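# Fold and contact review
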Amino acid sequence: MRVAMIGTGYVGLVSGACFSEFGVDVVCVDKDEAKIKGLHENRMPIYEPGLDALVADNVKGGRLSFTTDLKAAVSDADAVFIAVGTPSRRGDGHADLSYVYEAAREIARSLNGYTVVVTKSTVPVGTGREVERIIRETRPDADFDVVSNPEFLREGSAINDFMRPDRVVIGAESERARAVMKQLYRVLYLIETPIVFTSLETSELIKYAANTFLAAKITFINEIADLCEAVGADVHDVARGIGLDGRIGKKFLHAGPGYGGSCFPKDTLALVRTARDHGAPLRIIETVVAVNEERKHKMAEKVVAACGGSVKGKTVAVLGLTFKPNTDDMRDSPSLQIIPALQAAGAAIRAFDPEGMDEARSLLTDITFCENTYDTIKDAHALVILTEWNEFRALDFDRVKALLKAPVIVDLRNIYNPAEMMTLGFHYSSIGRPGSVDSRPE
């Protein structure tokens, strides 16, 4: 089979490379000539563990290629995937579908014979129908079906998520389209992966419902962590105690500074807007959005409290800038609100991230970006852990204590044990656990 993947961002590139690993002939298309040139030289536009090797292997095998020529790629394809960005639209929070609709028009002009047009991008309910209308209007003679096939890829583990997914969701309403999609995912059928066939609208809503549910789960445990601090309970034990219940599950019950990234922030907003537009408001998700936004400001206040109530004239060392480890993605990372809030309170910031520094430089100002962990900590009045990269999980605390001007650590990912940190002589503050403190005696 032959696939054209329109867009070589996170979803398009990972999906294209994984389909080629399944034995499918894939052409990834992008208008950005520099990005395509880089891919020809095996330079990845994103950081995802294992992606460069996967791409190189399949390019070498002749199953994966890259081009700026959309017409040529589409005209030879059995299936064309739309995998372009759908960022939040400024002003109202709706998903910006302009890239999706532009791709639909270009695809329509290039169709040659029966083709399945698949929306892989995260799109609101009704988008598939509009894509179908656009293609029909542009090419009344075209022989095609529109399918919804949302992605469920987690940054940092996306290849495994594609190769061994919990499920594959396909919104397809003709037998011809279902047959094409079954063939594309034949490898997953062989390992008995659940394949869920639905209508277009149902498939589109499944994606948003999944992401907003997970965002709500994160926000729930964050608020429980606040209650733990107030009553002297341990959020780790609470999370384990409820997570062992099969109806709840243990995943996404890790207290932290709030969710970020390319999906949860924009998808929760988009679903809230869609629900309001259809007269079925989602009050729970509206609250999730508001609480998550407020939490990032509270985390800055937590740092200030740990520094004795003021960071004016003090240096704060920040480890981790990306919204999660094993990615270079800075989109809606908590650091983008926490760091400016600390700067507004008078702090000077030194920061380091293993993969996110280049992107961070374009988003954060007046920061000293450092070469490594210990360079960042040197002469700081407090150390803040914002992202739980593995290299931050086994710090040399004798060295940390010698480098810091004051033995203050604010661990917003709960990667260390409060009792051990207190024994080592640190003023240690974490989230929702006894044994840590929120303010440092002067």
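Notes on the structure follow. (Residues numbered from 1 in each chain as written. Predicted model: local features only at pLDDT ≥ 70, side-chain atom pairs only at ≥ 80, totals over all residues. Heavy atoms only, no water.)

## Regarding the overall build of the chain
Rules: Secondary structure elements follow DSSP: runs of H or I of four or more residues count as helices, runs of E of two or more count as strands, with numbering from the N terminus. With C-alpha atoms as the basis for the radius of gyration, the globule rule is written as 2.2 Å multiplied by the number of residues raised to the power 0.38. In what follows, residue pairs with any heavy atoms lying within 4.5 Å of each other are defined as contacts. Residue-level accessible areas treat just the shown protein chains as cover; the underlying method is Shrake-Rupley with a 1.4 Å probe. Neither His nor the chain termini are counted; the positive set is Lys and Arg, and the negative set is Asp and Glu. By convention, the point assigned to a charge is CZ for Arg, NZ for Lys, CD for Glu and CG for Asp.
Helix and strand counts for the chain stand at 18 helices and 14 strands. Scaling as 2.2 N^0.38, a compact globule of 442 residues should have a C-alpha radius of gyration of about 22 Å, and the chain matches this with 24 Å. A sequence separation of at least 24 residues applies to 72% of the contacts in the chain between residues at least 6 apart. Total accessible area on the chain is roughly 19300 Å²; 51% of this is exposed by carbon and sulfur atoms. Within the chain, one finds 52 positive and 62 negative side-chain charges whose respective centroids are separated by 1 Å.

## A look at the packing of aromatic side chains
As a reminder, the rule being used: Only centres within 6.5 Å qualify two rings of Phe, Tyr or Trp (six-membered ring in Trp) as a pair; their planes then separate them into stacked at under 30 degrees, edge-to-face at over 60, and tilted for everything else. Placement of a positive charge over a ring is assigned whenever Lys NZ or Arg CZ falls within 6 Å of the ring centre and within 35 degrees of the normal to the ring plane.
Enumeration according to the criterion identifies 11 aromatic pairs in this entry. Summarising the aromatic geometry, the rings of phenylalanine 19 and phenylalanine 162 are spaced 5.1 Å apart at their centres and angled 85 degrees between planes, so their arrangement reads as edge-to-face. Of this pair, phenylalanine 19 sits in helix H1 (residues 10–21) while phenylalanine 162 sits in helix H7 (residues 158–163), and the two are 143 residues apart along the sequence. A network of ring pairs unites the aromatic residues Phe19, Phe22, Phe81, Phe162 and Tyr185 as a single cluster. Sitting above the plane of the tyrosine 114 ring, arginine 176 keeps its charged end 3.6 Å from the centroid. Cation over ring: arginine 399 sits above tyrosine 374, and NZ or CZ is 4.0 Å from the ring centre.

## Thoughts on helix H2 (residues 33–40)
Definition in use: Burial classification: accessible surface area is computed with a 1.4 Å probe over protein chains only, and a residue below 20% of its type maximum counts as buried, one above 50% as exposed, and the rest as partly exposed. By construction, the arc corresponds to the directions joining the helix axis to the C-beta atoms. Under the rule applied, a polar contact is a pair of N or O atoms within 3.5 Å (in protein, one hydrogen donor and one hydrogen acceptor; residues adjacent in sequence only if both atoms are side-chain atoms).
Every buried residue belonging to H2 is among Ile36, Gly38 and Leu39, and all of these are buried. End-on, the buried residues of H2 take up no more than an arc of 160 degrees, which puts them together on one face. Turned more than 90 degrees away from the buried face of H2, the exposed residues are Glu33, Ala34 and His40. Where H2 begins, the side chain of aspartate 32 points an oxygen toward the backbone nitrogen of alanine 34, at a separation of 3.0 Å. Phi turns positive, to about 60 degrees, at asparagine 42, one or two residues after H2.

## A closer look at the environment of valine 311
Considering the arrangement of structural elements, one finds valine 311 in the loop between helix H13 (283–306) and strand S9 (315–319). The class of valine 311 is buried, set by a relative accessible area of 1%. Residues valine 311 and alanine 382 lie 71 residues apart in sequence; the distance between their C-alpha atoms is 9.3 Å. In this structure, valine 311 is in contact with Val304, Val316, Leu342, Ala345, Gly346 and Ala347, ignoring residues within four places of it in sequence.

## Section: the pairing of strand S2 (residues 25–29)
Along any regular strand, the residues point their side chains to alternate faces of the sheet. Put simply, the test is: Pairing between strands is defined by DSSP: at least two bridges between them are needed.
Burial analysis of S2 places four of its five residues in the buried class, which makes it a mostly covered element. The pairing of strand S1 (residues 2–6) with S2 spans five bridges and is classified as parallel. Across the sheet, the residue bridging to methionine 5 is cysteine 28, located in S2. The pairing of S2 with strand S3 (residues 64–67) spans four bridges and is parallel. Following the sheet pairing, valine 27 is matched in S3 by serine 65.

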